[in-house]
Amino acid sequence: MKIKTSKKKASVSKGTRQGKRFSIDEDSFFRHESKRRRRAKDEDAENDIIDSEEEDDEEGPGSDAGGGEGRPEEDEFAAETADEKRLRVAKAYVEKIRGIVSREREDEEEESEGDDDEREGRRDSLVARILQQEQLEDSGRVRRLIASRVQKPETVDEFRVLVKHRQSVTAVALAEDDLKGFSASKDGMIVQWDVDSGKSEKYTWPTEEILKSHGSKDPQGRAVKQSKNVLALAVSSDGRYLASGGLDRHVHLWDTRTREHLQKAFPGHRGPVSCLTFREGTSELFSGSFDRTIKIWSAEDRAYINSLFGHQSEVLSIDCLRKERVLTVGRDRSMQLWKVPEESRLVFRAPASSLECCCFVNNDDFLSGSDDGSIELWGMRRKKPVYIVKNAHALSAIHQQPEQSDVEKISNGCIENGNQSHDEYDCSTVYSWVSSITVCRNSDLAASGAANGSVRLWAIGSETKDIQPIFNLPLVGFVNSLAFSKSGQFLVAGVGQEPRLGRWGRLPAARNGVAVQSLKLS
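Keep in mind that this is a model prediction, so the values were computed, not measured.

Peer 1: What should I look at first to understand the nonpolar core in this one?
Peer 2: As a rule of thumb, soluble globular proteins bury nonpolar side chains together. Residues F159, L445, V455, L457, L475, F484 and L491 are the most contacted members of the largest nonpolar core, which totals 21 residues. Taken together, the elements giving at least two residues each to this core come down to β25 (445-449), β26 (454-460), β27 (467-474), β28 (478-484) and β29 (490-496).

So, in structure tokens, the structure goes:
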């Protein structure tokens, strides 16, 4: 044993002394290739050399000064990693903010005394505050105060019809950049339109054979063919996917760039799909249905993820922010906040009516609209509404405003706003139902719609936890859907002659289409 060990040590020391190491790649056995493959590689290499020489001859001297300048940049951007791309984009954005700040403070810097270092320091500190404020607003930690800056619209600045539909519009959605929007109606028409010009393009439904190949199932019950009635729309944050749902019980995915139906239709629901929403910043899709369930899908992977159970009746409305929390309302007179990772939920009971719509104000506060004309403000810490606006869309609301002096507390700790006398206000009809409600993201500006002839703007108090009316925007018809732009400079409304989920009311004077109202901020 000693002799063998000494030989092994000697061999190791000899190898290290010579400085050579054994590599598998150097062994001809492991890198053996057939003669045919080696011959093909040699021919490809010769062709590449000949092609490169021909390109050099065709370009000639001095040709690099032309179109060849962009190639190194493209190659550089193509080779960079995701982290390097994020760093490059962040630096470009910081330089953009610095340029804006420098132009705004150019006159002040000329008048002020001090050296260049002090000026650059003041500029960098201002840029840092701007970036921090934008980050807080985007994350929802700080609420933008927009409601107090909204100027009263003039008679000329009324809703203008941007896109026309043959039947009642049931849903509208805006892209993240506020440049294009989407709308759907009861006849199954899905339209993509430009916000500024109003130019519209229709989405074409594929044939029944193609839908079946994409995963669509045969209709159930007495239905003979699939219904194209669309009840809900949602667009992803990156603008790539558009989701639609309706009476055919399927969730359909569309490519917004080509306006084509993607090769996947989610057939999991057993009832009509009544509401859809994407989680901000992701491709995670939530759908609510008349089958009392909420299902989670992945638009990127074209896959089903999970189902949420808890509602005792049809799910009517749904909303979601960046967190994995989903807000839903149903005909069981309850609003439920789902915490998806924890697999838990909070149940909020409506005082005395059925809730029709809901939306997040921020991660801790949310709004709801009822079929008795009330608007409720809710908080995470209470199971009852923090503030209630009664008769928000009464039929006489066009001619008479609720008096703010009549605010009083009631026994359950809630606050009711406005005169509750049914002699002056009529809220018992379908025309006063709050059918849609929306909030400008991360702000205190909200809007609600009904069929009483006006869309109302509201200011949500962050400290006082109340809802104050701002203006009435005249609009005839059932306001079935509302959407604010991210900047708060315009409001989009989906209007129709009939309600979104039925035909228990009709306004022949209304125009089916998408209406846009410009908002001027001071």
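Peer 1: It is not clear to me how the pattern of salt bridges should be interpreted in this structure. Could you clarify?
Peer 2: Pairing is possible between side chains of opposite charge, provided their charged atoms come close. Under the defined criterion, the tally for this structure stands at 14 salt bridges. Residues E498 and R503 are paired through a salt bridge, measuring 3.4 Å at the closest nitrogen-oxygen approach. Note on E498: relative accessible area 12%, which makes it buried. Classification of R503 by relative accessible area gives exposed; the value is 64%. Taken together, the salt bridges that share partners define one network made up of K186, E498, R503 and R506.

Peer 1: Teacher, can you tell me more about unusual backbone geometry here?
Peer 2: Note: most residues except glycine have negative phi, and most peptide bonds are trans. For R249, which is not glycine, the phi torsion reads 70° and is therefore positive. Among the structural elements, R249 can be located in the loop between β7 (241-246) and β8 (251-255). For N442, which is not glycine, the phi dihedral falls at a positive 60°. Its location among the elements puts N442 in the loop between β24 (436-439) and β25. Relative accessible area serves as the criterion here: at 17%, N442 is assigned to the buried category.

Peer 1: Please clarify how the sheet that holds strand β3 (residues 180-185) should be interpreted in this entry.
Peer 2: Through backbone hydrogen bonds, the strands of a sheet pair up, either in parallel or in antiparallel fashion. Read from one edge of the open sheet, four strands run β2-β3-β4-β5, paired in antiparallel fashion. If you trace the sheet from one side to the other, it starts and ends with β2 (169-174) and β5 (200-202), each paired once. In this sheet, neighbouring strand axes are inclined to one another by 20° on average, regardless of whether the strands run parallel or antiparallel. Looking at chain direction, β2 and β3 are connected through five bridges and run antiparallel.

Rules used throughout
- Residues numbered from 1 in each chain as written.
- Predicted model: local features only at pLDDT ≥ 70, side-chain atom pairs only at ≥ 80, totals over all residues.
- Heavy atoms only, no water.
- Core = buried A, V, L, I, M, F, W, Y, C linked by side-chain atoms within 4.5 Å.
- Buried < 20%, exposed > 50% of the residue type's maximum accessible area, 1.4 Å probe, protein only.
- Helix = DSSP H or I, 4+ residues; strand = E, 2+ residues; numbered from the N terminus.
- Salt bridge = Lys/Arg side-chain N within 4 Å of Asp/Glu carboxyl O.
- Pairing = 2+ DSSP bridges.
- Axes fitted to C-alpha atoms, helices over the stretch in contact; angles between N-to-C directions.

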